[in-house]
Amino acid sequence: MTERNRTDKLEAPSNAIGKILSFIRERRYQPSERLPSERDFAEKFDTSRGAVREALAALETMRVIERRPNSGIYLRKIEESSIDALVLYAESGVPFEAKEIADVMEVRRMLEGQAVRLACTRRTADNIREITAILEETNKRLSKKQSIEREDEAFHLAIFAATKNDILLRVARSFYELSRHRRKVYFADQNRGRQSYEDHCTILEAIEERRVGLAEQQMNAHLSRTVEAWQSLLGETKVTKR
């Protein structure tokens, strides 16, 4: 195939990223192991070298891979990669291992526990109105037997917004990007949606009354129920991290 014909079927770099990540996971490459060359990837995926080059540049920036002069492309340790890299894994449809999901939930507990504490002391009347409106929309969708994955995300991010800490909010957005596809599955069950809505209502009440300890307790209980539901969905016996 000529380069001209190949560019006719040019894929976005993000698609090439997904294919590279899937290839790495499927072939079970280990840290410090040499990966195929840019040219090899282009031929393997039947796409342009330009798309592969951009994809590899992005993965290098996110510390997923490293280029060694006069040697090649090598896989880095997963713990060296950035949060953005994890988001890319999620967006590309590469499944997370059970431990990775447990790790994400553990960090989410830390972030959301601190967020709800700060929200209790820093929230404004506008924050309360925004969260109330989200819950009203949630209830409407539930009454129509519709999924609430977007409203669930909006509720939690609104709490982060109420902390008035923009960095905390930006980190939280990344974590919700990680779980976007999984939450579609999670909220396909109306009972889980209804339970989340009821939990959210009690959390909002505690934030509105500035009851820090109660808000943190109710958020923790809410996340515990989420972990237990995921254990069931994943067929796991137990996720030990708390």
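Residues numbered from 1 in each chain as written. Predicted model: local features only at pLDDT ≥ 70, side-chain atom pairs only at ≥ 80, totals over all residues. Heavy atoms only, no water.

As annotated in an unreviewed UniProt entry, the protein chain is HTH gntR-type domain-containing protein from Afipia broomeae ATCC 49717.

S.K.: Would you mind going over helix 4 (residues 49-61) with me for this structure?
M.R.: Side chains of residues three or four places apart in an α-helix project in the same direction, reflecting 3.6 residues per turn. In a regular helix each residue adds 1.5 Å, so 13 residues correspond to 18 Å; helix 4 covers 18 Å between its end C-alpha atoms and thus fits that length. Turning to helix 4, its buried residues number three or more, namely Ala51, Val52, Ala55, Leu56 and Leu59. Each buried residue of helix 4 sits inside an arc of 130 degrees when the element is viewed along its axis, so together they form one side. Pointing more than 90 degrees away from the buried face of helix 4 are the exposed residues Glu54 and Thr61. (Helix = DSSP H or I, 4+ residues; strand = E, 2+ residues; numbered from the N terminus. Expected span 1.5 Å × (residues − 1). Buried < 20%, exposed > 50% of the residue type's maximum accessible area, 1.4 Å probe, protein only. Arc of directions from axis to C-beta.)

S.K.: Would you explain the pattern of salt bridges in this entry?
M.R.: Opposite charge on two side chains makes pairing possible when the charged atoms of those side chains draw close. If you walk through the whole model with that rule in mind, you get 14 salt bridges. A salt bridge links glutamate 112 to arginine 108; the nearest nitrogen and oxygen atoms lie 2.8 Å apart. Pair noted here: glutamate 112 and arginine 108 are both in helix 6 (residues 98-122), with a separation of 4 residues, about one helical turn. Assessed through its relative accessible area of 1%, glutamate 112 is described here as buried. Judged by its relative accessible area of 12%, arginine 108 falls in the buried class. In this structure, arginine 117 engages glutamate 216 in a salt bridge whose closest nitrogen and oxygen atoms are separated by 2.7 Å. Of the two residues, arginine 117 is situated in helix 6 and glutamate 216 in helix 12 (residues 212-234); the sequence distance between them amounts to 99 residues. The partly exposed category is assigned to arginine 117, whose relative accessible area is 35%. By relative accessible area, glutamate 216 is classed as partly exposed at 30%. Counted as one network, the salt bridges with shared partners bring together Glu38, Arg49 and Arg53. (Salt bridge = Lys/Arg side-chain N within 4 Å of Asp/Glu carboxyl O.)

S.K.: Got a minute to help me understand the side chain of histidine 200 in this structure?
M.R.: Mapping histidine 200 onto the fold places it in helix 11 (residues 190-208). Histidine 200 sits in the buried class, given a relative accessible area of 1%. Side chain to side chain, histidine 200 and histidine 156 meet in a polar contact 3.3 Å long. Apart from the residues within four sequence positions on either side, histidine 200 is in contact with Leu135, Asp152, Phe155, His156 and His222. (Polar contact = N/O pair within 3.5 Å; in protein donor to acceptor, adjacent residues only side chain to side chain. Contact = heavy atoms within 4.5 Å.)

S.K.: Would you explain the nonpolar core in this entry?
M.R.: Generally speaking, nonpolar side chains in soluble globular proteins are found buried as a group. Phe155, Ile159, Phe160, Ile203 and Ile207 are the most contacted members of the largest nonpolar core, which has 37 residues in total. Take this core: its biggest share by element is 7 residues, from helix 6. Each residue touching phenylalanine 155, except ones within four places of it in the same chain, is listed here: Ile131, Ile134, Leu135, His200 and Ile203. Among the nonpolar cores identified, the runner-up in size contains 20 residues, and Ala16, Phe45, Ala55 and Met62 belong to it. (Core = buried A, V, L, I, M, F, W, Y, C linked by side-chain atoms within 4.5 Å.)

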